[in-house]
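So the chains spell out like this:
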Amino acid sequence: MKLLYVRISQIISYVTICIGLIVCIGWIFDISFLKSIIPDAVTMKFSTSISFIFSGITIYFISKYNEGKIGIAQIAVPISGFIIFLFMATLLTAYVFGITSGIEQLFVRESSDAIKSSLPGMPSFPTMVNFILIIIAGMLAFSESRFRKLITPIGYVISIIGIIPIVGYAINQPILYYYIDNANSAMAIHTSILFAAL
């Protein structure tokens, strides 16, 4: 049974990395349908796609660690977490203090009239929170302390934050995919699906 969970984790990690890469390519070459799988809907932000790539790497190496392949996992997971942290902690701080950090538009530029985006390039607040939770869960995976048992509840929180927007898109309720005009960007549908899977 453990081997089955490891294999499922690895498949989810491959899918997450691939979707992150596809969205990155969409931003680099300005291919709209790669940034947003639904026409005229909110895009997955560039920082989100990069963070999904490294989240997929994190999940992959945690599954390798659970197979007993400890070596590179102890290096790859902290490095992946640090890259996610650089993006998301910076964006989260900027969001909380109502400033622009510059990282929103550092690598690619999103139009100022981007659909359901409070600030071009700024992910949804729950997106940033979920990535911070993924980092915490990744670090706890290597912990032998009593806090390791928090991984499962953190996973449930990440899933619920991802499932709510899916319902929102299904019943066309923008508040459920976290869109608040001029206050919070909507979470893209493919972002929410990946969070639910992770």
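As a starting point, this report considers the structure included with it.

Conventions and cut-offs
- Residues numbered from 1 in each chain as written.
- Predicted model: local features only at pLDDT ≥ 70, side-chain atom pairs only at ≥ 80, totals over all residues.
- Heavy atoms only, no water.
- Phe/Tyr/Trp six-rings, centres within 6.5 Å; stacked < 30°, edge-to-face > 60°.
- Lys NZ or Arg CZ within 6 Å of the ring centre and 35° of its normal.
- Salt bridge = Lys/Arg side-chain N within 4 Å of Asp/Glu carboxyl O.
- Helix = DSSP H or I, 4+ residues; strand = E, 2+ residues; numbered from the N terminus.
- Buried < 20%, exposed > 50% of the residue type's maximum accessible area, 1.4 Å probe, protein only.
- Axes fitted to C-alpha atoms, helices over the stretch in contact; angles between N-to-C directions.
- Parallel < 35°, antiparallel > 145°, perpendicular 65-115°, else oblique.
- Left-handed = near helix turned anticlockwise from the far one by under 90°.
- Contact = heavy atoms within 4.5 Å.
- Nonpolar A, V, L, I, M, F, W, Y, C, P; charged D, E, K, R; others polar.
- Core = buried A, V, L, I, M, F, W, Y, C linked by side-chain atoms within 4.5 Å.
- Disulfide = S-S within 2.5 Å.

## Description of the packing of aromatic side chains
Part 1 of the argument: According to the stated counting rule, one finds eight aromatic pairs in the structure shown.
Part 2 of the argument: The lysine or arginine in question, lysine 35, covers the ring of tryptophan 27, its NZ or CZ lying 4.3 Å from the ring centre.
Part 3 of the argument: Between the NZ or CZ atom of lysine 116 and the centre of the ring of tyrosine 179, over which it lies, the distance is 5.9 Å.

## Focus on the pattern of salt bridges
Part 1 of the argument: This structure, assessed with the given rule, holds two salt bridges.
Part 2 of the argument: Glutamate 110 is paired through a salt bridge with lysine 45; the nearest N and O atoms lie 3.0 Å apart. In this pair, glutamate 110 sits in the loop between α4 (73-97) and α5 (125-140) while lysine 45 sits in the loop between α2 (32-35) and α3 (46-66), placing the two residues 65 residues apart along the sequence.
Part 3 of the argument: You can call lysine 45 buried: its relative accessible area is 3%.

## A look at the packing of helix α6 (residues 151-171) against helix α7 (residues 189-197)
When two helices pack together, you describe them by how their axes are tilted relative to each other and by the distance separating the axes.
Part 1 of the argument: Where α6 meets α7, the axes come as close as 7 Å, and the angle between the chain directions of the two elements is 140°. Taken together, the axis directions place α6 and α7 in an arrangement best described as oblique. The hand of the α6/α7 crossing is left-handed. When α6 is examined against α7, the residues Ile158, Ser159, Gly162, Ile163, Pro165, Ile166 and Tyr169 are found in contact with a partner set consisting of Ile189, Ser192, Ile193, Phe195 and Ala196.
Part 2 of the argument: A breakdown of the residues in the contact of α6 with α7 according to their chemical character gives nine nonpolar, three polar and no charged.

## Considerations on the nonpolar core
Part 1 of the argument: In terms of nonpolar packing, the biggest core is built from 40 residues, with Met88, Phe131 and Phe195 touching the most fellow members.
Part 2 of the argument: Within the residue set of this core, elements represented by two or more residues are α1 (2-28), α3, α4, α5, α6 and α7.
Part 3 of the argument: With eight residues, the single largest contributor to this core is α5.
Part 4 of the argument: Beyond its immediate stretch of four places on either side in the chain, methionine 88 contacts Ser47, Thr48, Ser51, Pro123, Met128, Phe131 and Ile132.
Part 5 of the argument: If you look at the next biggest cluster of nonpolar residues, it comprises eight residues, including Ile62, Tyr65, Ala76 and Phe142.

## Observations concerning the state of the cysteines
Part 1 of the argument: Overall, the coordinates contain zero disulfides when judged by the stated rule.
Part 2 of the argument: Free cysteine cysteine 18: the closest other cysteine sulfur is in cysteine 24, separated by 12 Å.
Part 3 of the argument: In this structure cysteine 18 comes out as partly exposed when scored by relative accessible area, which is 42%.

## Here we look at the environment of tyrosine 95
Part 1 of the argument: Relative to the elements of secondary structure, tyrosine 95 occurs in helix α4.
Part 2 of the argument: Here the alpha-carbon distance between tyrosine 95 and arginine 7, two residues 88 residues apart in the chain, equals 37 Å.
Part 3 of the argument: Ignoring sequence-local partners within four residues, the contact set of tyrosine 95 consists of Met122, Phe125, Met128, Ala183 and Asn184.

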